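# Analysis of the macromolecular model
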Amino acid sequence: MRESLKICAGDSVAVALTDLKAGSVQTVAGGQITLATDIPAGHKFALRQIRAGEPVIKYGFPIGQAKCDVQPGEHVHVHNLKTLLSSELAYQHHPCVIAPKPVEPSTFMGYPRADGRVGVRNELWILPTVGCVNDVARMLERRAQVLVGDGVENVYAFPHPYGCSQMTEDQENTRQILADLATHPNVGGVLVLGLGCENSSVEHIRAHMGAFDENRVRFLVCQQVEDEVEAGMQALEELAGRMRGEKRVPCPASKLVIGLKCGGSDGFSGITANPVIGGFSDLLIAQGGSTILTEVPEMFGAETILMDRCETPELFEKTVSLINDFKRYFEEHHQTIYENPSPGNKAGGISTLEDKALGCTQKSGFAPVKDVLRYGQKVEKPGLNLLSAPGNDLVASTALAASGAQIVLFSTGRGTPFASPVPTVKIASNEALAQRKSNWIDFNAGRLLSGRALPELAQDLMDYVLRVAGGEQVCSEKNGFHDMAIFKTGVTL
């Protein structure tokens, strides 16, 4: 196995693929470098002298500038590297659109829905409209486990703390996300559970749902019934009865909408897991399917790559707004735009937000950008979609599900057990994590550094996603994990 890697020809740093000792000699791109310091796995070292103020190049792009002179073989990290990023910017469109090459279409076993979408699960969901009825939702979830089987694959409640004491856009966000989830294709039946005096009432959620299959939805206002648990169970039993006997049938991969997310990233994420996900994204899009890239603050520093992949000037302008609006959101709350990467990212070798973003955006592959979505907006156009949502793992993953993703692909170098409302595939960036946390990790992209080719691993991931879409459970499902989180953007009354 190689000990270090220079990613692009013009890079001024290389990445340690294993822990390296000071004094060891590294052969990188035909040259030899003697390390001046210990270099932890995933971290960077200088390939040549880098003067103070000079850009440091990784992935072929600047990831910041040197704070001081850096000598060949020295560790390059937060102690001698700082971001070059600033606040809102003016951008120019330099189109560079590469259409995916067509590939052999594939299928999966799914559940066709009346609106033309396809579910990869047939679950019974309980959605509280307000945090006041969370415990009722949990009680119903426990009691309704007797309904699982014969077409009902799971019964899940999704408690959250919102739905009241919110204002304007913040309240609308909550209503829209709940309405999106209530009409999700993975839902065979849903109980929308309200209290009766909240801002996000059952009536408001229903109005935000648009056209929906009324056979698959029930609404219950707890203040309007004598026994909310009895009434809730009656509604769930009715829904389960309509789901009985429903079977999976062959469906084209073009019906898949897959969310792309990373979290707990390390220095390997942009070398292994994210490029493999990008290869998968291109394969799916070539079959007419859709992927969604989000976590906008982690696009800062790599946004021009996405902008140049916009097919039209209108899409370019929407992407510019996507980026600058999110920067404005930080500024309006008097927060530093570039308070990133996280402590775990830094421990794993990521030094600046540019470093993180250039690795993060590789999940999108090379396909052209087809649409830019507001928070809570559903996918309408096949292909690569950009979605407005923050980087927080659970908030972003919930946003992906609300936009119609039936599955979320989640790359990680540090590991995490969480789940979103839909099957959440954990993809390890390194072999050590995949081996140590086999109860969390579903797919090992670290094999890319052990001789496996990227197209081969991307196809392996495609095959695995098709199996998951056909009913194979991921680790978080086996563990019984299911979570959701809504983006809080305003004051609490």
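This text goes with the structure placed above it.
All values reported here derive from a predicted model rather than from experimental measurement.

### Looking at the overall build of the protein
Of the regular secondary structure elements, the protein holds 13 helices and 23 strands. Taken against the 2.2 N^0.38 rule, which gives 23 Å for 493 residues, the C-alpha radius of gyration of the protein at 23 Å falls within 12% of a compact globule. The C-alpha extent of the protein, read off along each of the three principal axes, is 75 × 45 × 40 Å. The buried share among the 493 residues of the protein stands at 58%. Contacts in the protein between residues at least 24 apart in sequence constitute 72% of all its contacts with a sequence separation of at least 6. When the accessible surface of the protein is totalled, it reaches about 19,100 Å², and 52% of it is carbon and sulfur. Placing the 46 positive and 56 negative side-chain charges of the protein at their respective mean positions leaves the two points 4 Å apart.

### Some remarks on the packing of helix α1 (residues 134-143) against helix α4 (residues 228-243)
Orientation of α1 relative to α4, taken along the N-to-C sense of each, is 50 degrees, at an axis distance of 10 Å. Here α1 is positioned oblique relative to α4, judged by the angle of their axes. In the crossing of α1 with α4, the sense of the turn from one axis to the other is right-handed. The residues of α4 that touch α1, namely those facing V136, M139, L140 and R143, are E228, V229, G232, M233 and L236. A class-by-class count of the residues in the contact of α1 with α4 yields 6 nonpolar, 1 polar and 2 charged.

### Things to note about the sheet that holds strand β9 (residues 81-82)
Working definition: the strands of a sheet are paired by backbone hydrogen bonds and lie parallel or antiparallel to each other. Spatially, the 3 strands line up as an open sheet ordered β6-β7-β9, and their pairing is antiparallel. Each having just a single partner strand, β6 (55-58) and β9 make up the two edges of the open sheet. Pairing of strand β7 (residues 61-66) with β9 involves 2 bridges; the strand directions are antiparallel. Bridge pairing links Q65 to K82 in β9.

### Details of α1
Listed in full, the buried residues belonging to α1 are N134, V136, A137, L140 and E141. Angular distribution of buried residues about the axis of α1 spans 160 degrees; they occupy a single face of the element. Turned more than 90 degrees away from the buried face of α1 sit D135 and R142, all of them exposed.

### Some words on the nonpolar core
I258, I407, L409, I427 and L461 are the most contacted members of the largest nonpolar core, which totals 93 residues. When sequence neighbours within four positions are dropped, the list of residues in contact with L461 reads V276, I277, F280, L409, I427 and F443. Counting residues in hydrophobic clusters, the runner-up holds 24 residues, among them V130, V133, A137 and A240.

### Focus on the environment of L140
You can see L140 is positioned in helix α1. When the C-alpha atoms of L140 and E303 are compared, they prove to be 44 Å apart, with 163 residues separating the residues in sequence.

### As for the sheet that holds strand β16 (residues 249-252)
The strand order across the open sheet formed by 3 strands is β11-β10-β16, and the pairing between neighbours is antiparallel. Where the open sheet ends on each side, the last strands, each with one partner, are β11 (118-119) and β16. Examined bridge by bridge, strand β10 (residues 107-112) and β11 share 2 bridges and lie antiparallel to one another. Bridged to P112 within β11 is V118.

### Considerations on the pattern of salt bridges
Scanning all chains against the criterion turns up 25 salt bridges. One salt bridge in this structure joins R328 and D325, with 2.7 Å as the shortest N-O distance. Remark: D325 and R328 occur in helix α7 (residues 313-332); sequence separation between them is 3 residues, near one turn of the helix. Looking at R328, the relative accessible area reads 31%, which means it is partly exposed. One network of salt bridges, in which partners are shared, links K261, E295, K363 and D393.

### A word on the packing of aromatic side chains
Going through the model one piece at a time under the given rule, you end up with 11 aromatic pairs. For the pair W125 and F158, a centre-to-centre distance of 5.0 Å together with 70 degrees between the ring planes defines the contact as edge-to-face. Here F158 lies in the loop between β13 (155-157) and α2 (168-182) and W125 lies in strand β12 (residues 123-128), a separation of 33 residues in the sequence. Both residues of the pair, W125 and F158, belong to the buried class. Both rings, one in Y329 and one in F330, keep their centres 5.8 Å apart while their planes meet at 80 degrees; by these two values the pair is edge-to-face. Linked through ring pairs, F326, Y329, F330, Y375 and F487 together constitute an aromatic cluster.

### Some points on the environment of N199
Within the secondary structure layout, N199 lies in the loop between β14 (187-194) and α3 (202-209). Beyond its immediate chain neighbours, meaning those up to four positions away, N199 contacts G163, C164, S165, Q166, Q171, R175 and H204.

### Structural notes on unusual backbone geometry
Its identity is not glycine, yet A29 carries a phi of approximately 50 degrees, on the positive side. One non-glycine residue, H334, lies in the positive phi region at around 60 degrees. Topologically, H334 is positioned in the loop between α7 and α8 (343-347). Taking the relative accessible area as the measure of exposure, H334 reaches 72% and is therefore exposed.

### Remarks on a nonpolar patch on the surface
A contiguous nonpolar surface patch, about 310 Å² in accessible area, is contributed by M167, V491 and L493. Overall, M167 belongs to the partly exposed group, its relative accessible area being 39%.

Cut-offs and rules
Residues numbered from 1 in each chain as written. Predicted model: local features only at pLDDT ≥ 70, side-chain atom pairs only at ≥ 80, totals over all residues. Heavy atoms only, no water. Helix = DSSP H or I, 4+ residues; strand = E, 2+ residues; numbered from the N terminus. Rg over C-alpha atoms; globule rule 2.2 N^0.38 Å. Buried < 20%, exposed > 50% of the residue type's maximum accessible area, 1.4 Å probe, protein only. Contact = heavy atoms within 4.5 Å. Areas by Shrake-Rupley, 256 points an atom, 1.4 Å probe, with all protein chains shown as cover. Lys, Arg positive; Asp, Glu negative; His and termini not counted. Charge placed at Lys NZ, Arg CZ, Asp CG, Glu CD. Axes fitted to C-alpha atoms, helices over the stretch in contact; angles between N-to-C directions. Parallel < 35°, antiparallel > 145°, perpendicular 65-115°, else oblique. Left-handed = near helix turned anticlockwise from the far one by under 90°. Nonpolar A, V, L, I, M, F, W, Y, C, P; charged D, E, K, R; others polar. Pairing = 2+ DSSP bridges. Arc of directions from axis to C-beta. Core = buried A, V, L, I, M, F, W, Y, C linked by side-chain atoms within 4.5 Å. Salt bridge = Lys/Arg side-chain N within 4 Å of Asp/Glu carboxyl O. Phe/Tyr/Trp six-rings, centres within 6.5 Å; stacked < 30°, edge-to-face > 60°. Patch = residues over 30% accessible without salt bridge, like charges linked within 9 Å, V, L, I, M, F, W, Y side chains within 5 Å.

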